[in-house]
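Working through the structure, step by step
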Amino acid sequence: MARMCVKTRRLDVAKVCLGKMGHARGAKALREAEQEPEIEARVAMLAVQLGMLEDAEQLYKTCKRYDLLNKLYQAWGQWKKAMEIAENHDRVHLRTTYYQYAKHMEALGDRNDSLNYYEKSDTHRFEVPRMLLEDPQALESYINKKKDKNLWKWWAQYLESQADLDSALTYYEMAQDYLSLVRVHCFLRNIQKAAEIANETGNLAASYHLARQYESQGDLKQAVHFYTRAQAYNNAIRLCKENNLDDQLMNLALLSTPEDMMDAARYYEEQGEQMDRAVMLYHKSGHLSKALELAFATEQFGALQLIAEELDEKSDPALLARCSDFFIQHNQFEKAVELLLAAKKYYDALQLCLEQNLIITEDMAEKMTVSKNSKELSEEARRELLERIADCCMRQGNYHLATKKYTQAGNKLK
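A brief look at the structure comes next. (Residues numbered from 1 in each chain as written. Predicted model: local features only at pLDDT ≥ 70, side-chain atom pairs only at ≥ 80, totals over all residues. Heavy atoms only, no water.)

Before going further, it helps to examine the layout of surface pockets. Taken as a whole, the largest pocket encloses approximately 210 Å³ of empty space. In terms of lining, the largest pocket is formed by E32, A33, E36, A41, M45, V48, Q49, Y60, L68, K71, L72 and A75. Elements supplying a minimum of two residues to the lining of the largest pocket: helix 3 (24-33), helix 4 (39-49) and helix 6 (66-76). Residues of the lining of the largest pocket, tallied by class, amount to eight nonpolar, one polar and three charged. (1 Å grid on protein atoms, 1.4 Å probe; cavity = no way out; pocket = protein on both sides within 12 Å on 5 of 7 lines; lining within 4 Å. Points joined across faces, edges and corners; volume = space filled by probe spheres on them. Helix = DSSP H or I, 4+ residues; strand = E, 2+ residues; numbered from the N terminus. Nonpolar A, V, L, I, M, F, W, Y, C, P; charged D, E, K, R; others polar.)

Okay, here's the thing in structure tokens:
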């Protein structure tokens, strides 16, 4: 009756039949197959459990479930058909099919076929060395024939583990594994040769390994050089700080991350010398307030000017006000006005323009003009500010701009 259910596609009856037969494995497989969307795929699973393989094959073909058909052929031992299906209809499982066939042929002792299909499945870099490990000569000739960098590297590591370092170096060079080359040369005390390789190739990992070697030997100059080549700036900075190599420290800090710049800036600040470098590094690392604080404390006018150029409306108003005070003290009134405008201290900016007889440009006047819907000033205060700007422009003889501001303030008579 269960076999009849395959023909009639009555899976509900088939479950009862399998239960009566005590076919536990078949019942479990049928229950799992219920997840398949096609009725034919579910019936095919029943057919497989009942040994009706030809019927299952036809059902899988009918519903075009080539992935399940591929699995059926593999389990059935029909490898040629399985690979044909994978190549033509189920390419997503093509490499897996090749790999399973390679394992099957290896189990049968057919080394050539398994080698061929391990290569087709792109698993030969791991599987072939495992398979041929007990026959080193065959493995070496296979590796030399393939000319694959990964296999050369694997063979070099194997030779190194067997203490054949000269042969290992040859294969590491063929594989262009510069870190391993440098590592082995350092082990053999050929540090000069290792340095040549690191300098020629520019390999970051090789340079880092060599820097560690030089540091352990106390050759600080070479260690800093190779840490820099490896872009491990924090290690180079650490060495410079520990050994007072201040000039190199500055260059390295500028190449490195903001965190390393901060670290170097703190070092210069603690030293109490070369404060200009500390200010520059705080500035470069994005800590403007700290850079300004230090520049104010040490009265570095040039540095302050540079930093102030980067300040805008988004900067801290207290910082802007402090900078403008500094510029006023040093008679840099135009710069001070710019900073006061950025800090939105319009009245102070106007007062400074009047006191120092600074010409109010159209750009400055626009920056002082608050929009109608602004929450900064009430409508009355906004008009008063506009009138004061217009009065200022009138005193300076800029009648066109004064007219524009009086109009914006709503004072048409003036």
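Having put the structure on the table, let's press on.
Now for unusual backbone geometry. With a phi angle near 70 degrees, A163 is a residue other than glycine that sits in the positive phi range. For A163, the location among the structural elements is in the loop between helix 12 (149-161) and helix 13 (165-174). In this structure, R189 takes a positive phi of about 65 degrees despite not being glycine. With respect to the secondary-structure elements, R189 resides in the loop between helix 14 (178-187) and helix 15 (191-201). Residue classification places R189 among the exposed residues on the basis of a relative accessible area of 72%. (Buried < 20%, exposed > 50% of the residue type's maximum accessible area, 1.4 Å probe, protein only.)

For the pair helix 2 (residues 11-21) and helix 3, the least separation of the axes is 9 Å and the interaxial angle reads 155 degrees. Relative to helix 3, the element helix 2 lies roughly antiparallel. Judged by the sense of rotation from one axis to the other, the crossing of helix 2 with helix 3 is left-handed. Between helix 2, through L11, A14, K15 and L18, and helix 3, the contact on the second element is made entirely by G26, A27 and L30. Here the contact of helix 2 with helix 3 is composed, by residue class, of five nonpolar, one polar and one charged. (Axes fitted to C-alpha atoms, helices over the stretch in contact; angles between N-to-C directions. Parallel < 35°, antiparallel > 145°, perpendicular 65-115°, else oblique. Left-handed = near helix turned anticlockwise from the far one by under 90°. Contact = heavy atoms within 4.5 Å.)

Time to look at the nonpolar core. Counting 69 residues, the largest nonpolar core has L210 and L281 as the members making the most contacts within it. Tallying contributions element by element places helix 20 (residues 258-271) first for this core, with six residues. Once you skip the residues sitting within four places of it in the chain, L210 turns out to touch V182, C186, I191, A194, A195, A198 and F226. Core analysis: the second largest hydrophobic core is formed by 26 residues, C5, L11, L46 and C63 among them. (Core = buried A, V, L, I, M, F, W, Y, C linked by side-chain atoms within 4.5 Å.)

What follows covers the packing of helix 5 (residues 53-62) against helix 6. Between two packed helices, what matters for the description is the angle formed by their axes and the separation of those axes. Close contact between helix 5 and helix 6 brings their axes to 9 Å; oriented N to C, the two are set at 155 degrees. Of the possible angle classes, the one that applies to helix 5 and helix 6 is roughly antiparallel. As for the relative orientation of helix 5 and helix 6, their crossing is left-handed in sense. Judged by residue contacts, L53, E54, A56, E57, Y60 and K61 of helix 5 engage L68, L69, L72, Y73 and W76 from helix 6. Taken together, the residues of the contact of helix 5 with helix 6 sort by class into eight nonpolar, no polar and three charged.

On to the pattern of salt bridges. In this structure the tally under the stated criterion is 22 salt bridges. A salt bridge links K81 to E57; its shortest N-O distance comes to 3.8 Å. Taken as a pair, K81 in helix 7 (residues 79-88) and E57 in helix 5 lie far apart in primary sequence, 24 residues in all. The class of K81 is partly exposed, set by a relative accessible area of 34%. The exposure class of E57 is buried, given its relative accessible area of 8%. Each of E36, E38, R65 and D67 takes part in a single network of salt bridges with overlapping partners. (Salt bridge = Lys/Arg side-chain N within 4 Å of Asp/Glu carboxyl O.)

Here we take up the side chain of R42. Structurally, R42 can be placed in helix 4. Within the buried core, R42 has no salt-bridge partner, and the shortest N-O distance to an opposite charge, that of E38, equals 6.8 Å. Those residues in contact with R42 that lie beyond four places of it in its chain are L11, L30, A33, E34, E36 and P37. (Lys, Arg positive; Asp, Glu negative; His and termini not counted.)

In this fold, T96 is placed in helix 8 (residues 94-108). Taking the relative accessible area as the measure of exposure, T96 reaches 43% and is therefore partly exposed. Placed ten residues apart in sequence, T96 and A86 show a C-alpha to C-alpha distance of 9.2 Å.

A word on the environment of Y233. Mapped onto the elements of the fold, Y233 is located in helix 18 (residues 233-242). Judged by relative accessible area, which is 17%, Y233 ranks as buried. Separated by 27 residues in the primary sequence, Y233 and D260 place their C-alpha atoms 8.0 Å from one another. Those residues in contact with Y233 that lie beyond four places of it in its chain are Y227, T228, L252, L255 and S256.

To continue, consider the packing of aromatic side chains. Any aromatic ring pair is given by two values, namely how distant the centres are and how the planes are angled relative to each other. All told, the structure shown has ten aromatic pairs when counted by the stated rule. Summarising the aromatic geometry, the rings of Y99 and Y118 are spaced 5.9 Å apart at their centres and angled 55 degrees between planes, so their arrangement reads as tilted. One end of the pair, Y99, is in helix 8; the other, Y118, is in helix 9 (residues 111-120), with 19 residues separating them in the sequence. Between the aromatic rings of W155 and Y158, the centroid separation amounts to 5.0 Å while the plane-to-plane angle is 20 degrees, which identifies the pairing as stacked. Remark: Y158 and W155 occur in helix 12; sequence separation between them is three residues, near one turn of the helix. Accessibility expressed as a relative area gives 3% for W155, which makes it buried. Through a chain of ring-to-ring contacts, three or more aromatic side chains come together here, namely W79, Y98, Y101 and Y117. (Phe/Tyr/Trp six-rings, centres within 6.5 Å; stacked < 30°, edge-to-face > 60°.)

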